[in-house]
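One letter stands for each residue in the lines below.
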Amino acid sequence: MNSAKLDHAPPAPPAPVAVVAPQTRAAPPGRARRFLAKSGAPFGYLSPTMILIFVLMIIPIVMVISYSFKDNVIVQQNSVFVGFANYTTVLTDPDFLAALKNTFVFITVSTVAHLVLGLGFALMLNTSLLSGWTKAIFRIIYILPWLFTVAVIAVIWRLMLDPSGVVNYLLTTLGGMQEGVNWLSDPGKALWALTFINIWAGFPFFMISILAGLQGISGDLYEAASVDGAGPVRQFWNVTIPQLRPVLISMAVLDLIWTSQQFALIWMTTGGGPLNVTEMLSTYTYKQAFSSYEFATASAAAVIVLLLTMVLAFFYVRLQKER
Amino acid sequence: MTRRRQLLGVMAVAALLGTAAVGCGGSDDGASADGSVTLEFAQWWAPELPAGSFDKLMTEFTAQNPNIKVKLLSGPYASTKQQLVSGAASKTLPDVVGLDGAWVNDFAKQGAIADLSALMTDANYDQNQLASQIQIQGTTYMIPVVNFVYPLFVNNDLLSKAGVTTPPSTRTEFLDAAKKVTALGGNVKGWALPLDTAVPNGIQNDVMSWLWASGGTMLTKDGKPDLTSAQVKSTIEYVKSLNDADVIAPGSLTMKEQDKVEKFTTGQVGMVIDSLAHINLIKKNNPSLNFTVLPLPAEDSYTGKRGIPYASWGIGVADSSEHKAEAFKLVEFLMSKEKNAELSTLANGFPGNKTAEPDFSNSDPLFKTAFDIYQAGYPANEFVGLPKSEDLMRSFDEQLQLTLTGKQSADHTLSKAQEDWASVL
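Just so it is clear, the structure is predicted and the values come from calculations on it, not from any experiment. (Residues numbered from 1 in each chain as written. Chains lettered and ligands numbered in written order. Predicted model: local features only at pLDDT ≥ 70, side-chain atom pairs only at ≥ 80, totals over all residues. Heavy atoms only, no water.)

With 12 residues, helix α2 (residues 53-64) of chain B should cover 16 Å at 1.5 Å per step; its first-to-last C-alpha distance of 17 Å lies within 8% of that length. Elements that come into contact with the buried residues of α2 of chain B comprise β1 (37-43), β2 (68-74), α12 (324-335) and α13 (337-347) of chain B. (Helix = DSSP H or I, 4+ residues; strand = E, 2+ residues; numbered from the N terminus. Expected span 1.5 Å × (residues − 1). Contact = heavy atoms within 4.5 Å.)

Right, dumping it as structure tokens:
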């Protein structure tokens, strides 16, 4: 209707330049420009981070994924596309399957122990039964393992668990054992010894996080539970645990992800041995790349680890959304 | 207006960061406006030499070649290796690289290191002065600059306390001495065997050394594995006999080289096969330790020359370097009679230039003893120049561990290792 009217309308007199010019400049910007500025600004602010993520994360991940579908990648100039052959090689490699099993045991036991120890020590540091000074001293002692770098932790425990180290000395002198134990070189004990070291190194982070969660629980809830006749144990299960649930689950999922990526500690203590009993997905991938120079199979193993980690990350994100 | 400025500012920062991030991947050709060239030299040598001594050598090189500057990229052995593996993969190796013989084959196959034969020809370099060259299919890729041998270190006090009056020269004498030292009790054992699989060079230094000391070989003449031979089997069975006799320090399956040195330094083991480079470290950590170095024991009936394992500080040039001629000048400098002798003296090693004579006058007398052992025998390390040599050591290590823990026979170990190696060699 409007266009028909315009078609038949008499020609308008030419407008003065001074009036038309501002109109032609102002017309396109108007609404569209405001919209662009409004919707584009957040991307502008995010762009430094987005560029860094693209360059430092997206590109390497895409490269590794592309390598996993090629043969003789990196070490030869003309690598060829081989489809899922590298994945078949990795998934049928007994060493990879052993590494998968070891990693599962390592991260599961570590995470459960981190949770239990972290919760126990956090409860101790949150109790009203101890004085402020006592709690402060223990807080420092408990957090010490977290302050050491992985290299220091590996060296300390290698020395302590050496067949002629402090632990065996104490066990043979005070514990009545006849012979020292080869903690890190006995195939039956190495994985457990390594897991123990990882538990020791990681529980303080759980302790601190859970302690923060405990201090956020309102005293009114305990008071109300007490009025209802709940004892300390009932209060723990019916007040403390439900209140800590989001923290505990988030920490557990994060710990599963972090522990699955543990490399330095394993490499510097057992190197995956003896007899591959401490071989993990991380050490397996490293050996494929930097010892066997099989970058294609290393990439395939890395992609499998990425997929497994993404499953955990998916649960973590979903939990965070629920909160 | 303010909003637009903010937006522009953010975009500018983003563009700058993007440019910087992308720019990080670019390479600098090392040439400056004044025509001088800066060579990057990655090695692990400087940290292992007296502080500042390697920088001094580089300063001398620059004084002789004013148009060539050297930027040292120094780090520990392990991190240098990782850096070079990554650099080789991405074709961004520094111009000059310190090399271990175990890496050469893989780097050469990747086309990451340059053909030194061609560079030597171009520079009219006299190759006769070189003690050795590491070649792949007739082409030189690495020149050993300094060699470190691995003789038998013996704790004199422990051996005499155990009643061992004659230094062990044969396998039987060694087993007997190890038993006697172990019999002293406490935490003392006769020998240490590091079999850690993270860095499996114990197979080269502490296991195959027994084979080479008796003139044996683990390869056929055409470079194929020969692990099922009688000589290799005899070696493995001998190591197993030492294990069965309980003369090896406990924890060997995950023991690292530094643990072995530590145990010898603290008097927990009577004998170890170790690098001469550790003499100063041992003396520094335990000045009162009374020890000496001996040739490696050989099979009882063996009378020939004894092979002695060695490791080298090798040097190579990156194939991607735009200044190969200048890089080779640095190689020539380090291999010159005078400087090679100086570097060998500083490193307590043996020179890669045949005409260089290290100065032992201010060194520990043990270096002179070791030099005599070196000259009486021959340097032996069959892992040098092999492809994936670390992987070969590791697969052998894993099989040997099965034998030492009683899970499989020596024959099975050797046939399985032979199978693994055959897929690589």
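On the surface, a cluster of nonpolar side chains totalling about 720 Å² of accessible area is made up of Ile53, Phe54, Met57, Ile58, Ile59, Ile61, Val62, Met63 and Ile65 of chain A. Note on placement: Met57 of chain A falls in helix α3 (residues 30-67). (Patch = residues over 30% accessible without salt bridge, like charges linked within 9 Å, V, L, I, M, F, W, Y side chains within 5 Å. Areas by Shrake-Rupley, 256 points an atom, 1.4 Å probe, with all protein chains shown as cover. Salt bridge = Lys/Arg side-chain N within 4 Å of Asp/Glu carboxyl O.)

Residue and element names in this part refer to chain B. Put simply, helix α15 (residues 389-404) and helix α16 (residues 410-422) touch, their axes get as near as 9 Å, and they point 160° apart. Considering their axes alone, α15 and α16 lie roughly antiparallel with respect to each other. Read as a crossing pair, α15 and α16 show a hand that is right-handed. The segment α15 lies against α16, with Leu392, Ser395, Phe396, Gln399, Leu400 and Thr403 engaging Ala410, Thr413, Leu414, Lys416, Ala417, Asp420 and Trp421. (Axes fitted to C-alpha atoms, helices over the stretch in contact; angles between N-to-C directions. Parallel < 35°, antiparallel > 145°, perpendicular 65-115°, else oblique. Left-handed = near helix turned anticlockwise from the far one by under 90°.)

Further remarks concern the environment of Thr80 of chain B. Residues and elements named next belong to chain B. Relative to the helices and strands, Thr80 is located in helix α3 (residues 77-90). Between the C-alpha atoms of Thr80 and Thr62, which are 18 residues apart in sequence, the distance is 23 Å. Look past the residues within four positions of Thr80 in its chain and what remains in contact with it is Gln43, Trp44 and Gly75.

Turning to the side chain of Asp274 of chain B, a few remarks are in order. Residue and element names in this part refer to chain B. Following the sequence through the fold, Asp274 ends up in the loop between β8 (269-273) and α11 (279-285). The charged side chain of Asp274 is buried without a salt bridge, its nearest counter-charge being Lys260 at 4.1 Å. Side chain to side chain, Asp274 and His278 meet in a polar contact 2.8 Å long. Setting aside anything within four residues of it in sequence, one finds Asp274 in contact with Val149, Tyr150, Pro151, Phe153, Glu257, Lys260, Val261 and Ile282. (Buried < 20%, exposed > 50% of the residue type's maximum accessible area, 1.4 Å probe, protein only. Lys, Arg positive; Asp, Glu negative; His and termini not counted. Polar contact = N/O pair within 3.5 Å; in protein donor to acceptor, adjacent residues only side chain to side chain.)

Listed by partner, the interface residues are 38 residues for chain A and 41 residues for chain B. Roughly 3300 Å² is buried in total at the junction of chain A and chain B, and carbon and sulfur atoms are behind 58% of that figure. The closest approach of N and O atoms between Asp259 of chain B and Arg158 of chain A, which form a salt bridge, is 2.2 Å. Here chain A is connected to chain B by 15 residue pairs in polar contact (both at pLDDT 80 or more). Looking at the side of chain A that touches chain B, the element that brings in the most residues is α3 of chain A, giving nine residues. (Buried area = accessible area lost by both parts, 1.4 Å probe.)

By themselves, these observations are geometric and do not establish any function.
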